[in-house]
Amino acid sequence: MRNRLVTLLIAGLAFAGNVIAAKAPSAAWSNANQMILVTVPDWNTIEGTLRTYQRDHGGAWREVGAVRPVVIGKSGAAWGIGLSPAQHDGPQKREGDGRSPAGVFRIGTAFGYAAHADTALPYLALTATDWCMDVSGTPLYNRIADTAKVGTAALKGASEPMRRDLHFHGDQAYRIGFVIEHNPDGAPNGGSCIFAHLWSSPTTGTTGCTAMTPDSMQHLLAWLKPEEHPVFVLLPQDEYARLHHAWRLPDVKAGR
């Protein structure tokens with residue numbers, strides 16, 4: 001009888017542990033084996049540091065590749081809508097606020113001006129009629145669409161042409177990049193058109209994206225694999241310190 005009780009107790013504890021694990025914040029990205037991590041000093045600073053991690057067979061995060069500089073939104077960062085649970089202590093991302101979304105997000109489609117790119121990610125070769133819809137409340141809000149296919153009326157008011165080189169005097173920002181899946185369901189005024197793309201300078205902020213050198217972008221796109229379910233993480237340093245254990249994020253090595 002005693003052995004049976006011990007067996008039942010062990011089974012109960014194992015079940016409870018599984019329930020707790022399933023409800024852990026990190027369960028939403030438990031299948032992610034690649035992570036891009038961007039940290040910034042605080043909510044209002046635009047310069048950040050990008051690191052990349054691969055999950056090993058034991059489940060631990062292992063840092064790979066070089067540490068690289070990035071810039072984020074011209075107004076800093078704010079809590080976004082992604083895989084991570086909602087946070088209320090800090091600014092909240094809103095349409096047009098110039099802040100990059102903080103949290104954990106899936107990595108979506110790669111895009112660029114060329115017909116092809118060196119990446120395993122799905123790739124969208126941009127055309128002059130591709131726009132990202134940044135007008136809240138419209139059916140295509142926070143979606144990239146082609147006016148040649150959906151009609152110009154469907155994208156009326158959009159201010160985000162994807163072929164910036166053709167619309168803005170040769171602008172190369174979107175020459176190569178990828179979608180950061182913030183606000184994937186298009187919550188009204190939740191923020192739209194959040195990408196990783198090329199920077200114009202190491203001290204110039206974006207309208208809400210994360211920007212970097214062409215070399216950094218090419219490295220990321222060659223490394224990312226859809227079957228690894230990669231995620232993009234952006235956090236101020238204090239929030240990273242507060243959440244890294246609960247969210248099972250990597251330990252950042254000192255001095256790197």
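Just above, that's the structure.
The structure reproduced in this document is the subject of the present report. Computed from a predicted model, the values in this text were never measured in an experiment.

Criteria and cut-off values
- Residues numbered from 1 in each chain as written.
- Predicted model: local features only at pLDDT ≥ 70, side-chain atom pairs only at ≥ 80, totals over all residues.
- Heavy atoms only, no water.
- Core = buried A, V, L, I, M, F, W, Y, C linked by side-chain atoms within 4.5 Å.
- Buried < 20%, exposed > 50% of the residue type's maximum accessible area, 1.4 Å probe, protein only.
- Contact = heavy atoms within 4.5 Å.
- Phe/Tyr/Trp six-rings, centres within 6.5 Å; stacked < 30°, edge-to-face > 60°.
- Helix = DSSP H or I, 4+ residues; strand = E, 2+ residues; numbered from the N terminus.
- Disulfide = S-S within 2.5 Å.

Ranked by size, the top nonpolar core spans 43 residues in total, and within it Ile36 and Phe178 carry the most contacts. Once residues lying within four places of it in the same chain are set aside, the contact partners of Phe178 are Ile36, Ile107, Thr109, Ala110, Phe111, Phe195, Ala196, Met217, Leu220, Leu221 and Leu224. Judged by nonpolar contacts, the second largest core, of eleven residues, contains Phe111, Leu126, Cys132 and Val179.

Each aromatic ring pair is described using two quantities: the centre-to-centre distance and the angle formed by the ring planes. Counted by the stated rule, this structure contains six aromatic pairs. With centroids separated by 5.8 Å and ring planes inclined at 75°, the aromatic side chains of Trp29 and Trp247 adopt a geometry described as edge-to-face. With Trp29 in the loop between helix H1 (2-23) and strand E1 (34-40) and Trp247 in the segment after helix H5 (237-243), this residue pair connects regions lying 218 residues apart in the sequence. There is no split in this pair, since Trp29 and Trp247 are both buried.

Attention now goes to the state of the cysteines. Applying the stated criterion to the full structure yields one disulfide. Bridging Cys132 to Cys193, the disulfide has an S-S length of 2.2 Å. Judged by the sign of its S-S torsion, about -100°, the cystine formed by Cys132 and Cys193 is left-handed. Pair noted here: Cys132 is in strand E7 (residues 130-132) and Cys193 is in the loop between strand E10 (176-180) and strand E11 (195-198), with a separation of 61 residues, a long-range link. We note that Cys132, like Cys193, is buried. The structure places no disulfide on Cys209, whose sulfur is separated from the nearest cysteine sulfur, that of Cys193, by 7.9 Å. Owing to a relative accessible area of 2%, Cys209 belongs among the buried residues under this scheme.

So yeah, pure geometry; function would need other evidence.
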